[in-house]
Amino acid sequence: MSLNKDGVLTEREGFIKYGSCGGDMKCGGESLAGAVSQRACVYCGARVVLNPISDAYHIVHGPIGCASYTWDIRGSLSSGSDLYRNSFSTDLSEKEVIFGGIKKLTAAVDEICANYSPKLIFIYSTCIVGVIGDDVESVCRYAESKYNTRVINVKSPGFSGAKMQGYKAACDALMKLMEGSAPSGAAGKAGGGVSVNILGDFNLAGEIWIISNYLKEIGVEVISKFTGDSKYEEIIKAPKAALNIVQCAGSMTYLAKTMEDVFGVPYIKVSFFGVDDVCASLLRIAQFFNNDEILKKAKALILRMSPKTKAELDKYIPLLRGRKAAIYVGGGFKAISLINQFKELGMKTVLAGTQTGKKEDYEIISSLVDSDAVVLDDANPSELEKFMIQKGADILVGGVKERPLAYKLGVAFCDHNHERKYALAGFEGAVNFAKEISESLNSPVWKFLRQ
Amino acid sequence: MLELTPNEYKERKALRINPAKTCQPVGAMYAALGIYECMPHSHGSQGCCSYHRTFLTRHFKDPVMATTSSFTEGSSVFGGGSNLKTAVKNIFEIYKPRVIAVHTTCLSETIGDDIPTIIGQLENVPEGKYVIHTNTPSYVGSHITGYSNMVKSMVKYFSKNTGVSNGKICVIPGFVNPGDMREIKRILKQMGVPFIMFPDTSGVLDSPMTGKFEMYPKGGATVEEMQDAGNSSCVLGLGETAVSAAARLLGKQCKIKEHILGLPIGIEATDDFILKLTEITGKPVPEEIEEERGQLVDIMIDAHPYYDKKTAAIYGDPDTVLGLAEFCFSLGMIPKFLITGTPDPSFEIKGKELFDKFGAKDGFVKHSADLFELHQRLKSDKVDLLIGGTHGKQIARAENIPFLRMGFPILDRYVHPYMPMVGYRGAMRILELLLNVLMDKREADAADEDFELVM
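Keep in mind that what you see is a predicted model, and the values were worked out from it rather than measured. Going along each chain's sequence as written, the residues are numbered from 1 onward. To read the labels, note that chains go from A and ligands from 1, taken in the order they are written. Reporting of local features is limited, given that this is a predicted model, to residues whose pLDDT is at least 70; pairs of side-chain atoms are given and counted only at 80 or more, and all residues count toward the totals for whole chains, interfaces and linings. Heavy atoms from the whole structure form the basis of all side-chain values; hydrogens and water molecules are not counted.

*Asks:* Just to check I follow, could you spell out helix α14 (residues 345-357) of chain B for this structure?
*Replies:* Side chains of residues three or four places apart in an α-helix project in the same direction, reflecting 3.6 residues per turn. All names here are of chain B. Each helix corresponds to a stretch of at least 4 residues labelled H or I by DSSP, and each strand to a stretch of at least 2 residues labelled E; elements are numbered beginning at the N terminus. Helix span is expected to be 1.5 Å times the residue number reduced by one. The end-to-end C-alpha distance of α14, which contains 13 residues, comes to 19 Å, matching closely the 18 Å that a straight helix rising 1.5 Å per residue would cover. Packing partners of the buried residues in α14 comprise α10 (240-254), α13 (318-331), β11 (334-339) and β12 (364-366). A positive backbone phi angle near 65 degrees is found at Gly359, which sits one or two residues after α14. Note on contacts: a residue pair qualifies if any of its non-hydrogen atoms lie within 4.5 Å across the two residues.

*Asks:* What is the right way to read the domain arrangement of chain B from this model?
*Replies:* Many analyses report the size of an interface as the accessible area lost when the parts associate. All names here are of chain B. Domain start and stop points were drawn from an automatic or database domain assignment. Looking at chain B, the domain boundaries give domain 1 (24-140), domain 2 (169-281) and domain 3 (287-448). If you average the C-alpha positions of domain 2 and of domain 3, the two centres end up 24 Å apart. If you look at the interface, domain 2 gives 28 residues, while domain 3 gives 33 residues. Salt-bridge detection follows one rule: a side-chain nitrogen of Lys or Arg within 4 Å of a carboxyl oxygen of Asp or Glu. At the junction of domain 2 and domain 3, the tally comes to four salt bridges.

*Asks:* Sorry, what's going on with the interface of chain A and chain B here?
*Replies:* At the interface, 72 residues of chain A touch 73 residues of chain B. Once two parts are brought into contact, the accessible area they lose, counted with a 1.4 Å probe and summed over both, makes up the buried area. Its largest share of buried area at the contact with chain B, chain A owes to Tyr69(A), Trp71(A) and Lys408(A), together 14% of the area lost on that side. Joining chain A to chain B, the criterion identifies four salt bridges. Residues Asp91(A) and Lys21(B) are paired through a salt bridge, measuring 3.0 Å at the closest nitrogen-oxygen approach. For the purposes of these results, a polar contact is taken to be a pair of N or O atoms within 3.5 Å, where, inside protein, one atom must be able to donate a hydrogen and its partner to accept one; residues adjacent in sequence count only when each atom of the pair is a side-chain atom. Put simply, chain A and chain B have 26 residue pairs in polar contact (both at pLDDT 80 or more) between them. Breaking the side of chain A that touches chain B down by element, the ones donating at least two residues are α1 (42-50), α2 (64-68), β3 (88-89), α3 (94-99), α4 (102-115), α5 (127-132), α17 (381-391) and α18 (402-408) of chain A. Broken down by element, the side of chain A that touches chain B gets its largest block of residues, six residues, from α4(A).

*Asks:* Mind showing me how you'd approach the sheet that holds strand β9 (residues 267-269) of chain A here?
*Replies:* What holds strands together in a sheet is hydrogen bonding between their backbones, with the strands either parallel or antiparallel. Residue and element names in this part refer to chain A. Strand order across the open sheet formed by four strands is β7-β6-β8-β9, with parallel pairing between neighbours. Two strands close off the open sheet at either side, each with one partner strand: β7 (221-227) and β9. Between one strand axis and the next, the sheet turns through 20 degrees on average, direction left out of account. DSSP bridges decide pairing: two strands pair if at least two such bridges lie between them. Here three bridges tie strand β8 (residues 243-246) to β9, and the two strands are oriented parallel to one another. Note that in β9 the partner of Val246 across the bridge is Lys269. The axes are straight lines fitted to the C-alpha atoms, using for helices just the contacting stretch, and the angles between their N-to-C directions are given from 0 to 180°.

*Asks:* In this structure, what is going on with the pairing of strand β10 (residues 324-329) of chain A? I would like to understand it.
*Replies:* Strand residues, when the strand is regular, have side chains that alternate between the two faces of the sheet. Residues and elements named next belong to chain A. Most of β10 is tucked away: five of the six residues are buried. As paired strands, β10 and strand β11 (residues 348-354) are joined by six bridges and run parallel to one another. Among the inter-strand pairings, Ile327 is bridged to a residue of β11, identified as Ala352. The handedness of a crossover follows from its direction of travel: if, with the strands pointing away from the viewer, the path from the first strand over the helix to the second runs clockwise, the crossover is right-handed. Note that the unit made of β10, helix α15 (residues 332-344) and β11 has a crossover that is right-handed. Relative to strand β13 (residues 395-398), β10 is paired through three bridges, and the arrangement is parallel. Residue pairing for β13: Ala325 is matched across the bridge by Ile395. Only protein chains enter the area calculation, which uses a 1.4 Å probe; residues under 20% of their type maximum are buried, those over 50% are exposed, and those in between are partly exposed.

*Asks:* It is not clear to me how the nonpolar core should be interpreted in this structure. Could you clarify?
*Replies:* Among soluble globular proteins, nonpolar side chains are generally buried collectively. Nonpolar core, defined: a set of buried Ala, Val, Leu, Ile, Met, Phe, Trp, Tyr and Cys residues in which side-chain atoms within 4.5 Å join the residues together. In terms of nonpolar packing, the biggest core is built from 149 residues, with Phe122(A) and Phe198(B) touching the most fellow members. One finds Val196(A), Ala242(A), Val275(A) and Ile365(A) within the second-largest nonpolar core, a separate group that totals 61 residues.

*Asks:* I would appreciate a short explanation of the domain arrangement of chain A in the present structure.
*Replies:* All names here are of chain A. The domain boundaries assigned to chain A delineate domain 1 (42-181), domain 2 (188-311) and domain 3 (317-448). Centre-to-centre separation of domain 1 and domain 3, based on C-alpha positions: 34 Å. The partner domain 3 presents four residues to the seven residues of domain 1 that form the contact. Between domain 1 and domain 3, roughly 490 Å² of surface is buried when both sides are summed, and carbon and sulfur atoms account for 55% of that area. It is Arg74, Lys163 and Met164 that lose the most area in domain 1 upon contact with domain 3, and together they represent 66% of the buried surface on that side. Scanning the region where domain 1 abuts domain 3 turns up zero salt bridges.

What follows is the structure in structure tokens.
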């Protein structure tokens, strides 16, 4: 292993490219041993997808760490139960690691069922559970038959892949839930009427409420949400919807495909980030139903919101024009939306990276950015640092681990991840985004930095 | 919030709800960051490393660098030895640290990776560079145990008595913020005591803004300092749970006298600390320190009507909770509940000693406890003040109790990593924050006619 002229690990070269130049992008590989990877594990992926289900008992089966690091950090808002904001775990100790954790897990489930009336329990099997060989499925069967509740094993040993495999584990758990609990009746196109499920929105800062309101306004019923502000009763009805709309494609395309196969619910990909994406997505949903009334209402909504939002955004353009953006986010689809949003604001994306982007995503990304922009998969902090400096980025859009790095470089920052505090989706969100970007970029605090 | 929590307390044997601890590796990672030019290395799945870095970043608001062995299915079957060897090679080549501090995880412990043997087989460790390790199975102890173990390993790997005394004392701080470590050093300098301190995260996790990202910021104890620690006249461990093991090991390994105190939180524990320093060194207490103590007492007297006889519940790490509890007692407050998630039977013994010392009859102290239990107990026995890390905020809101954020982790406020809670200055800061939350609450609840300008 060695460094190339850009100071990048030679083994990492294939994961980095410049805009539209040269060959296919490598992605989705395993992180290198010894790297300061920004990447998380299978359990992390499963947990972030399922955690927003607000009335479920999420029991983390393993030593305490996996539970404590994921305790109420998701930023998903709930209109009902706040059960999901608690941390449940088996807090395995040495004794259980030697003799097996099944007894403790069973007792933990018993303690929940004896004191509360759970409708739904998820049991997350972490790294160690796979290694010590606990038969978690047997506990699920035992508890389901004894307590008349759904108990679902989420197979998520951290070592079995990256976050992406965790999304899949979560989607498998959701399928299991729907298949075992769905009320009978016509499903999918056959009997769904004008209804959708929203997939891949986690209701950060209340974003799913914004989108649900749009859909309500144009006459589309939202049956279920995956998984922002969702509840057991709602999720099991999901197979009855006529259409799945998929926002976070990275985490939920797999579920959408499986639901199409099993329940016959078709899906389309949408994005509610940025005015153009919001408008296009609303029209696509309306067109799917092939219903003049809905199309009329969608157009009316767009006509009412789009011009005034664009007028709002235009106010920010003088404050933002020509500034350079770096993007490092989870999924490829979000990166694409962000590049478009920056364009709308007169900004240029000089670096775009994702943790879980796919080949197709990288193709689109490369076609959207200038030829000298850097595109990278699973970047480490050194690469981010190097390319942000090299490209003269003025602002970074990323998550919690990237924030202090950006600040240390004197680069402005916008959290487009779990810790966003203002909704960034929808027309309202587009304005919030511009405002947040502008506030960070134009804050007086940067003036005090001695170069 | 937290409608889930029933009023009635029921014993739980298996289910942990809302823990007051986290796992060993994050404590080991934090300790390792207190070495200059050190790369902490997590030997396990990449998720562990990512979580620990995120967790520390959320508390310290600074970049946290650490590497991972990136375990796969294969490593979990065949062992992680080759991952570790590859990792070490890569880390020295790419990130160029002086020290790699390896800690284990539940996974690598369970599959039985023998780290000392793997380290022994390492080729290509560059001259003058080091790979050290500690075992931190996540299913034993807590983050405090992990901190303790990593500090012990620093002693084990580095400290030697060469037979020539350096005339310094070696100070080992417990699990505290960089602001505390900075304050301990300030006090030692004020006292004119030559010292070596490790670990030392000041200058690492409270580093200044320079416009440059430093993989290894200026702070941290150097390898030479840790080696020379064995030539100190004695070692002083501050925090019985977190560092007594390391202090004792240093004492034994290098045949120097060991002293162990609690964290110097509040007036009495700081008195003990200062007196211990004068006892060890024979140096008098300088006027500046007398002045600071006098200022603290002055504030305590000025403000006492606002905190006297207020009851409190305190949770968090053992040494921190006991320190804060003693300070509350000194103020005339009544700490009723002392809770730690860390498994540590001595916490209960020391808590009871405190209750006895201050004549508190119905105090409740428990180790291996969780915040759900604390919440249940508070429902039937309400207190005037809740003290601890961020995770208590839901309880504070649900029960309408003023909330003082102190300890680890604090995920929802700023500035705390830079500021001390130890020493007389730290006590003043605790008092200011404590009075602010109590007096803000009093004013928020006050009827119009009772809302006064002067307090």
